[in-house]
Structures are given as C-alpha cells and as structure tokens.
Amino acid sequence: MSLDPKQTHVLHEWKHGKPLIACSFDPTGRYLFTSSEDYTLQRWNLEDGSKVAWEAHDSWIRDIAFLPGGETVITAGCDDRIIFWPVTGDKPQPRAEVVAHKGWIRSVDVSSDGKLIATGGNDHLVKLWDPNGKRVRELAGHKGHVYSVFFHPDGNTLLSGDLKGVVHQWETKTGKLMRTFEAKELFSYNTGQKVDYGGVRDIALSPDGKTLAFTGLHKATNPLGAVNEPLVLLFDWAKGESIRKQPADGVKGIGWQVEFLSDGSEVCVSGGGGGGYLIFFKPAEEKPFHKLKLKDTARDMSLHPDGLQVATAHWDGYVRISRMEQKAAR
C-alpha cells in the first residue's frame, strides 16, 4: 500500500474555544494533546473526542513532547518552565517542574531512548535534561532565539535551529558543535520596520536518513503585517549541502511544522494571513503536488503514529484531524 495525500480529508473537528497553539499525538496514538492561549493544556481521547483540560502554565505552552512509552508528557512554556505531567488522569498534577530558560521556551524534543530531553529558548541557548528534569548540559553558540530542536534517531546527535536561519549539529555526549547548516533563506531583516523575522521553525529527517528538511518563511515584505510565504529547504544529510528550495507560491503564511511521510514525501502546515494549509511536496520536486485548504489559520501540526492522521491546531479554537488515504499498488 502507498499513500494518496490528494485524498486527504478532515475527519474530526473538536472545539476548545480559545485559540490553540501547539498539538502533539502521544506515542501510543490514544490521545492528542493541545495547548491554548488561555494557558490550559487539553487531552483529547481519539476514540470519542472527549476532552480533559487543566491549567498548566502561567503563559502560553509553545511545544509538547513525550517520554517513550507514553506515560509522561512534557510541556514547554513562555513562562521559562518545562513541566512533566502524567498522560492519564482526570486532574493531572505535575510530576516535576523546572525553570529551564530565561524567557520563552520555544521547542522541546526527547531522544529516541528517552535518556535526554532538549529545549531551546529565547535566551539563545539549547539545554539538555535527564528524564527527571536534572540539567545535563548547556549548549551555547546561537546568536538568535532558538526556535527548534530535533534529536537524530542515532541518539547522539541533536540539531537546533534559530531565528537567523542557522542550524547547529551537536554531539550530545560531549556538547561539541560538529557542523552548521546555513538556512539563510528562512531569515530576513526589514530595514524599514527594523525587525529580525523568520527562523527555522521545524526540522525533520527523511525515513531513509538521507535528507533534512527545515521550514519557516520567506518573502517577508511586511513582517509586522504578517506578509510572508512558507518555505521548505532540503539538505543532504551526509554532505551538509543544500539540495532544493520548496516554496508554496501564493500561500500567505508561515511553515510551522514539516514531517516526512512513510513514502518519503513531505507535509508542511502553513498558517497566516492566507488561512491554513497542509502542503505536500515530493523531495525531487520544487513545487507542491497538493495543497489542502483548511478552515482556519493553522499554528501547529502533529503526525499520528499510524502515519495517516494529521492533527492541526487552529486560531479559531478548533483542533482538526485529517486523514490521508492509502491506495493499493498496481
């Protein structure tokens, strides 16, 4: 069986009410977690759409990750903190709470073996933590807000992307900076508004381990007016060289997240002045082969463990779950 993204359709629309920010499926595929501008965290049961919501941080939750096994969820907030929560229960209480950065924490990721947690924030730092919230190492070297962190499946490599369009590759055992990828197309400085704008919003690796994808925005002619377009950049992992630029011409928004699908194609979620889109690319092609218009501005995306369902968090307070279909091989 192979995927047929052109048949992607919305299965569920569940309303929270206040604008949503982040979303993430748990590793077992039982639940979807979302965060909202009302500072709450929501857990949705995928079987029936029922919701448990609770006050979680003193500010927005920017990112959500899980320890392997799906028993603990980690939230990263704009209140300087990461908080460890039980996945289940009607009234979850924090298992651990850590003041992790000075300023917003924009991204959190967990290594495949669950031994390390990475966070990146507005203090230009990347930090590594153990599963109990004890700091292991601090990685300094970025000159802008750190927007994304991503563990390579090998367990000893971490990538971090910043506002300036710089992606650093770190050796987690030593904290050594191994090399740097230049994704400058994802950064712009507007001389009139005097605004640094853009950033590497997300990082993904292809199933065969050969291709990196970075996403963000370009054509930022009016940053304060949110006039920009999404962009995906592909790099050769072994050589560290740029392979291809993948714009979505005519779509007004930011590329918030990018994921590789099981067949090697990519899906990017865009949200902004032009509303929300799921944009599908083939690595060998510059232009998208399919765009699915969503009902409202999207702000985050998560791929279900089954590889078929895609969740999107929206400004209108809805979380939407779309499904790609499979087609039989001829």
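Heads up: the structure comes first, above all this text.
If you're wondering where the values come from, they're calculated on a predicted model, not measured in any experiment. (Residues numbered from 1 in each chain as written. Predicted model: local features only at pLDDT ≥ 70, side-chain atom pairs only at ≥ 80, totals over all residues. Heavy atoms only, no water.)

(A) Examining the overall build of the protein more closely. Each helix and strand counted, the protein has zero helices and 30 strands in total. In terms of overall dimensions, the protein has a C-alpha envelope of 45 × 45 × 45 Å along the principal axes. A total of 330 residues make up the protein; the buried ones form 59% of that total. Residue pairs in contact within the protein that sit at least 24 positions apart in sequence constitute 45% of those at least 6 positions apart. Per element, the accessible surface of the protein, about 13,800 Å² overall, is 47% carbon and sulfur. Between the averaged position of the 41 positive side-chain charges in the protein and that of its 42 negative side-chain charges there is a distance of 3 Å. (Helix = DSSP H or I, 4+ residues; strand = E, 2+ residues; numbered from the N terminus. Buried < 20%, exposed > 50% of the residue type's maximum accessible area, 1.4 Å probe, protein only. Contact = heavy atoms within 4.5 Å. Areas by Shrake-Rupley, 256 points an atom, 1.4 Å probe, with all protein chains shown as cover. Lys, Arg positive; Asp, Glu negative; His and termini not counted. Charge placed at Lys NZ, Arg CZ, Asp CG, Glu CD.)

(B) Summary view of the nonpolar core. Of all hydrophobic cores here, the largest spans 20 residues; its most connected members are Y197, L261, V267, V269, L278, F280 and M301. Among the elements of the structure, strand 19 (195-198), strand 21 (211-222), strand 24 (254-260), strand 25 (266-272), strand 26 (275-281), strand 27 (290-294) and strand 28 (298-303) are those that each provide at least two residues to this core. Ranked by size, the runner-up nonpolar core spans 15 residues in total, among them F150, L159, V167 and F214. (Core = buried A, V, L, I, M, F, W, Y, C linked by side-chain atoms within 4.5 Å.)

(C) Here's a closer look at the sheet that holds strand 13 (residues 135-140). Pairing in this open sheet of four strands is antiparallel, and the strands run 10-11-12-13 from one edge to the other. Only two strands of the sheet have a single partner each, and these edge strands are strand 10 (105-110) and strand 13. Sheet twist, expressed as the average angle between the axes of neighbouring strands with direction ignored, equals 20°. (Pairing = 2+ DSSP bridges. Axes fitted to C-alpha atoms, helices over the stretch in contact; angles between N-to-C directions.)

(D) Examining the packing of aromatic side chains more closely. In the structure shown here, the tally under the stated rule is nine aromatic pairs. Ring centres of F33 and F66 lie 5.5 Å apart, and the angle between their planes is 70°; this geometry places the pair in the edge-to-face category. Remark: F66 occurs in strand 6 (residues 61-66) and F33 occurs in strand 3 (residues 31-36); sequence separation between them is 33 residues. Consider the rings of F214 and F235, whose centres lie 5.2 Å apart with planes at 45°: the pair is tilted. Of this pair, F214 sits in strand 21 while F235 sits in strand 22 (residues 227-236), and the two are 21 residues apart along the sequence. For F235, a relative accessible area of 4% corresponds to the buried category. (Phe/Tyr/Trp six-rings, centres within 6.5 Å; stacked < 30°, edge-to-face > 60°.)

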